[in-house]
Amino acid sequence: MLENYDARMRPPHRQGSPTSVNISVVIDSIDSIDVLEMQYTIHILLTQVWKDERLAFKDCNYSLPAKRPYVSADFHFIKRIWRPDIFFENENSGHFHTLTTKNNLFRIYRNGKVWYKIRLTLVLGCQMWLANYPLDNQTCPLRLQSYGLTTAEQLLHWREEEPIRFSKEINLPQFLFEGYDIHDETVSEDKVIGNFSSVLLTMAFRREIGYHLVASYIPMMLLVMVSWVSFWFDVDAVVGRVSLGVMTLLTINSVSYTVGKDLPIVSYAKAIDIWIGCCASFVFAAFLEFSLVSYLTRRATRLA
């Protein structure tokens, strides 16, 4: 089958047309979405299908069952043939799975169609806009792109039938998965390098508010109401009023630190920052009210 086969050459096509590669992805799971690092971890099964007529064996004397029109190959055979030149454009890190053996599946059909499936774990970048945090929606991409072969040599397409499939329901601690969208794209570099084919999967997530309601919003509201207790203190209870005001301000500062330590430093105000700032302003206003009342009372006493 590999006699006179040159793995450096892409599959030949009539009139020099590019090699078409059909892509499909099975998403096993999404482990986590890391807001601090702006990345997410995903486990996928990546399938690539293309046609290489040099590998056709329909005229060869292979003893195959009629219902099994293909032969399977191991990883050593895979390394000896041409494979699509693709990479994950927004990848931060990733690895192949090798337990208990290399997790790849390779089939060659009688007409030369090649079916290549691999299992991967990827950490992919996901740029997030946090202005509405924690009431935000995020869109995270998975982009596969041709690395060295231009659109004149290789074209990537999503498979027409079920290009994206989820092996099980996506459950995340803080996010609700809302859906996905797919596109075939062309990435333009420059006139010298050329254009490159790519396929894009975008997944939409909505943040669940439950955790932040319990950890941020309700405690802040209670702190503001606690600061209002000082309105019922006697005007001469200086120690009690000052202690209550300082305690609530310090507690708000502590909650603010707890909320912010898991978030990246950004150049704009987030919704949670505005909420904390308003709560702190109410507490500080209650503290100023005591100072003003105490001053006016002392002044009235002196004038009397």
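Because the structure is a prediction, the values reported are computed rather than measured.

Regarding the overall build of the chain
- Helix and strand counts for the chain come out as 4 helices and 12 strands.
- What you see for the chain is a C-alpha radius of gyration of 31 Å, clearly larger than the 19 Å of a compact globule of 304 residues, by over 25%.
- Taken along the three principal axes of its C-alpha coordinates, the chain extends 115 × 45 × 30 Å.
- Long-range contacts, defined as pairs at least 24 residues apart, comprise 76% of the intrachain contacts of the chain with a sequence gap of at least 6.
- Per element, the accessible surface of the chain, about 17,800 Å² overall, is 56% carbon and sulfur.
- The centroid of the 30 positive side-chain charges in the chain is displaced by 5 Å from the centroid of its 31 negative side-chain charges.

Examining the state of the cysteines
- Following the criterion strictly, the structure yields 1 disulfide and no others.
- The disulfide partner of Cys126 is Cys140, and the S-S distance across this bridge is 2.1 Å. When the S-S torsion is -80 degrees, as for the bridge of Cys126 with Cys140, the disulfide is left-handed. Of this pair, Cys126 sits in the loop between β7 (113-125) and β8 (137-146) while Cys140 sits in strand β8, and the two are 14 residues apart along the sequence. Neither Cys126 nor Cys140 differs from the other in exposure class; each is buried.
- No disulfide involves Cys279; its sulfur sits 7.0 Å from the nearest other cysteine sulfur, which is in Cys278.

Quick look at a nonpolar patch on the surface
- A cluster of nonpolar residues, Leu135, Ile209, Leu213, Val214, Ile218, Met221, Leu222, Met225, Trp228, Phe231, Trp232 and Phe282, forms a patch on the protein surface that exposes about 1,200 Å² of accessible area.
- If you tally residues by element for the nonpolar patch, the top one is helix α2 (residues 210-227), at 6 residues.
- With respect to the element layout, Ile209 can be found in the loop between β12 (194-207) and α2.
- When its relative accessible area of 31% is taken as the criterion, Ile209 is described as partly exposed.

Some thoughts on the packing of α2 against helix α4 (residues 271-303)
- Orientation of α2 relative to α4, taken along the N-to-C sense of each, is 10 degrees, at an axis distance of 9 Å. For the element pair α2 / α4, the angle class is roughly parallel. Contacts between α2 and α4 involve Ser216, Tyr217, Met220, Met221, Leu223, Val224 and Ser227 from the former and Ile272, Trp275, Ile276, Cys279, Phe282, Val283 and Ala286 from the latter.
- Of the residues belonging to the contact of α2 with α4, the class tally is 12 nonpolar, 2 polar and no charged.

Some remarks on helix α3 (residues 238-260)
- Between the first and last C-alpha of α3 there are 33 Å, a value that for 23 residues agrees with the 33 Å anticipated at 1.5 Å per step.
- Looking only at α3, the buried set comprises Arg241, Leu244, Gly245, Thr248, Ile252, Val255 and Val259.
- Turning to α3, the residues buried within the fold contact α2 and α4.

Conventions and cut-offs
- Residues numbered from 1 in each chain as written.
- Predicted model: local features only at pLDDT ≥ 70, side-chain atom pairs only at ≥ 80, totals over all residues.
- Heavy atoms only, no water.
- Helix = DSSP H or I, 4+ residues; strand = E, 2+ residues; numbered from the N terminus.
- Rg over C-alpha atoms; globule rule 2.2 N^0.38 Å.
- Contact = heavy atoms within 4.5 Å.
- Areas by Shrake-Rupley, 256 points an atom, 1.4 Å probe, with all protein chains shown as cover.
- Lys, Arg positive; Asp, Glu negative; His and termini not counted.
- Charge placed at Lys NZ, Arg CZ, Asp CG, Glu CD.
- Disulfide = S-S within 2.5 Å.
- Buried < 20%, exposed > 50% of the residue type's maximum accessible area, 1.4 Å probe, protein only.
- Patch = residues over 30% accessible without salt bridge, like charges linked within 9 Å, V, L, I, M, F, W, Y side chains within 5 Å.
- Salt bridge = Lys/Arg side-chain N within 4 Å of Asp/Glu carboxyl O.
- Axes fitted to C-alpha atoms, helices over the stretch in contact; angles between N-to-C directions.
- Parallel < 35°, antiparallel > 145°, perpendicular 65-115°, else oblique.
- Nonpolar A, V, L, I, M, F, W, Y, C, P; charged D, E, K, R; others polar.
- Expected span 1.5 Å × (residues − 1).

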